[in-house]
Amino acid sequence: MKVLKKLAGILFLLLGIFALIAPQAILGLTELRWLSQFAFPGEALLGAVLVGLAYLLLGRVPPPGAVR
Amino acid sequence: MFVFHLLTAATAKLILQHKDRAGRLFLRIVGLYVAMGVISLIYATAWLGVLSNMPLSRPGVPLPTLLGWFRQIVSTLSHVLSQQPMLQALALATLMGWLTATVPALHAAAYGFIAAGDWILNVFRKLLWYYPIMIGCLAIGIPLKFGNRGLALYGQCVLWEMVVILVWCAAMMLFCKLTTCRTWKQVLSYYGTVWPTGFGTGGSYDTLAVNLISAEQDLGLSPEIAEVSIVFGTVLNKNCATMSTLIVTVIVAKLLGVPISITEIVFLVPPVVIMGFETPGIPGGAGYFMSPVLAVLLHVPNPTLWVSTFIAFYSGLIPMFSTAGNTTDDGVVGALLQDRFQQNGPAQVAVADKSLIGAAVGGEA
């Protein structure tokens, strides 16, 4: 279960990063402009949600007692 | 992607570290950058009145009403929010940082963002050796791509830019000395490090690592203020880029024969302030993002020609001066925040910060 969560987290992270980069790729390096072909309205929003979900699934937790 | 992570991490850090005082600190940071943006454009408009021979208003052209002006601002805001993915990412980053830091069930995501943000900052710090190479390449690439008239106007544009930005930076140094408890040595040492780096890179994001280190070492900012204030400033504050935008607008209008007056420049101030927050901190980013909107606002007859000319003019030395001003202004705001905000209880904040930063960076995945 833990492994599945991590795998899902990594997948969401990659998809989220792609969704955040694609709409802005038109401004970047010429070699990476092809990414902008996959842009659609609201993609940045989807990317942000996916990245947030990914970190939640990857579950970075502070050591006990660290948070007041 | 980097900016989204950095801004989310900065917002989450701000809320987790400063708890109930985070809202006030956030409002102060954003408020200071908005105020600085507005003052910068009023200052630049005053300079344009002195430097150019633009008329106060164009004869026969009616002034827009207050309602018309307000509509223009709302339309700009809705355009950039709906059409520009960069601004969407910035707005989402702030929302995501706030959400993950305030809802306890989502804290794991906040720590993930903070760890990712720290990792990105560390990578930037390790790339310091790359700066001289990048600066050299940019200097070689400064283009002589205009005809004689274009070249003369580009020279005039650079000259105006130099006057406006250098006087602004001198005023900001004086402001920093008078309003914060920094010595001249600290102020000069900070400007001596960050200004040439910003000038050389021509992009705020590329200057972030040097700015953070110098703000801590030269201006004496605590890491918790520097990592919030400087990161927010790097992403949000483009006040000198907006000043340059007004200057380039006047010059390009002159080149293309687009009639323009001081009144129209004044009416451009609010939309340009709004667009300043969405401008990416890459060399010439302001030219790419603002020129299409400016073409619409100024009712330019040939928008395609306007945009391509604007982008060509907003290159070379223009973004270099802008970035030098933008980045050093971030440090001044950081110093102001450090002195004014941490007066309320730096000891308690420092203790809370250490445990939380340790938790965020050292937490197990």
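In this text, all values refer to a predicted model and were calculated from it rather than measured experimentally. (Residues numbered from 1 in each chain as written. Chains lettered and ligands numbered in written order. Predicted model: local features only at pLDDT ≥ 70, side-chain atom pairs only at ≥ 80, totals over all residues.)

Caption draft 1: Representation of the overall build of chain A in the model. Of regular secondary structure, chain A possesses two helices and zero strands. By the burial criterion, 29% of the 68 residues in chain A qualify as buried. For chain A, the share of sequence-separated contacts (at least 6 apart) that also reach a separation of at least 24 residues comes to 63%. (Helix = DSSP H or I, 4+ residues; strand = E, 2+ residues; numbered from the N terminus. Buried ≥ 20, exposed ≤ 12 C-beta atoms within 10 Å, placed from the backbone. Contact = placed C-beta atoms within 7 Å.)

Caption draft 2: Examining the overall build of chain B more closely. Counting secondary structure elements, chain B contains 16 helices and zero strands. The burial tally for chain B puts 50% of its 365 residues in the buried class. Put simply, 82% of the contacts in chain B that link residues at least 6 apart link residues at least 24 apart.

Caption draft 3: Seen up close, helix 15 (residues 317-341) of chain B. End to end, helix 15 of chain B covers 36 Å across 25 residues, agreeing with the expected 36 Å (1.5 Å per residue, within 8%). Of all 25 residues that make up helix 15 of chain B, 20 are buried, and the element is covered over most of its length. (Expected span 1.5 Å × (residues − 1).)

Caption draft 4: Spotlight on helix 2 (residues 43-58) of chain A. All names here are of chain A. With 16 residues, helix 2 should cover 22 Å at 1.5 Å per step; its first-to-last C-alpha distance of 22 Å lies within 8% of that length. Within helix 2, burial applies to Ala44, Gly47, Ala48, Val51, Gly52, Ala54, Tyr55, Leu56, Leu57 and Leu58. Immediately beyond the C-terminal end of helix 2, within one or two residues, lies glycine 59, with a positive phi of roughly 60°.

Caption draft 5: Spatial organisation of the confidence of the model for chain A. On average, residues of chain A score 78 in pLDDT, and 82% of them reach the 70 mark or higher. Low confidence marks residues 63-68 of chain A, where pLDDT is under 50. Its contacts with residues over four positions away, or in another chain, come to ten contacts. (pLDDT = per-residue confidence, 0-100.)

Caption draft 6: Inspection of the environment of B:Pro270 at higher detail. Tracing the chain through its elements places B:Pro270 in helix 12 (residues 262-276). In this structure the C-alpha to C-alpha distance between B:Pro270 and B:Trp69, which are 201 residues apart in sequence, comes to 9.3 Å.

Caption draft 7: How the structure looks around the packing of helix 13 (residues 285-297) of chain B against helix 14 (residues 303-313) of chain B. All names here are of chain B. One way to put it is that helix 13 packs onto helix 14 with a least axis distance of 9 Å and a crossing angle of 150°. The angle between helix 13 and helix 14 places the two elements in the roughly antiparallel class. Once helix 13 is placed against helix 14, the crossing between them reads as right-handed. Every residue of helix 14 that contacts helix 13 at Gly287, Tyr288, Ser291, Pro292 and Ala295 is listed here: Pro303, Trp306, Val307, Phe310 and Ile311. The residue makeup of the contact of helix 13 with helix 14, split by class, is eight nonpolar, two polar and no charged. (Axes fitted to C-alpha atoms, helices over the stretch in contact; angles between N-to-C directions. Parallel < 35°, antiparallel > 145°, perpendicular 65-115°, else oblique. Left-handed = near helix turned anticlockwise from the far one by under 90°. Nonpolar A, V, L, I, M, F, W, Y, C, P; charged D, E, K, R; others polar.)

Caption draft 8: Examining the environment of A:Gln37 more closely. Mapped onto the secondary structure, A:Gln37 falls in the loop between helix 1 (2-21) and helix 2. For the pair formed by A:Gln37 and A:Ala22, sequence separation is 15 residues and the distance between their alpha carbons is 7.7 Å.

Caption draft 9: Region of interest: the packing of helix 7 (residues 148-179) of chain B against helix 11 (residues 239-256) of chain B. Residue and element names in this part refer to chain B. Look at helix 7 against helix 11: their axes get within 10 Å of each other, and the N-to-C directions meet at 155°. By the angle between their axes, helix 7 is roughly antiparallel relative to helix 11. When you trace helix 7 past helix 11, the crossing you get is right-handed. Contacts from Gly150, Leu153, Gln156, Cys157, Trp160, Glu161, Val164, Ile165 and Trp168 in helix 7 reach Cys240, Met243, Ser244, Ile247, Val248, Ile251, Lys254 and Leu255 in helix 11. Class assignment for the residues of the contact of helix 7 with helix 11 results in twelve nonpolar, three polar and two charged.

Caption draft 10: Structural view of the confidence of the model for chain B. Residues and elements named next belong to chain B. On average, chain B scores 79 in pLDDT, and the residues at 70 or more come to 79%. Across residues 345-365 the pLDDT falls below 50, and counting only partners more than four positions away or on other chains, this stretch makes 31 contacts in the model. Interface confidence in the predicted complex, given as ipTM, is 0.83; pTM for the same model is 0.68.

Caption draft 11: Quick peek at the nonpolar core. By size, the foremost hydrophobic cluster in this structure holds 116 residues, and its most contacted members are B:Ala89, B:Leu246, B:Ile247 and B:Val248. The leading source of residues in this core is helix 11 of chain B, at eleven residues. Other than its neighbours up to four places away in sequence, B:Ala89 contacts A:Leu20, A:Ala44, A:Ala48, B:Val3 and B:Phe4. (Core = buried A, V, L, I, M, F, W, Y, C linked by C-beta atoms within 7 Å.)

Caption draft 12: Spotlight on unusual backbone geometry. Its identity as a non-glycine residue notwithstanding, B:His299 has a phi of 50°, on the positive side. Considering the arrangement of structural elements, one finds B:His299 in the loop between helix 13 and helix 14.

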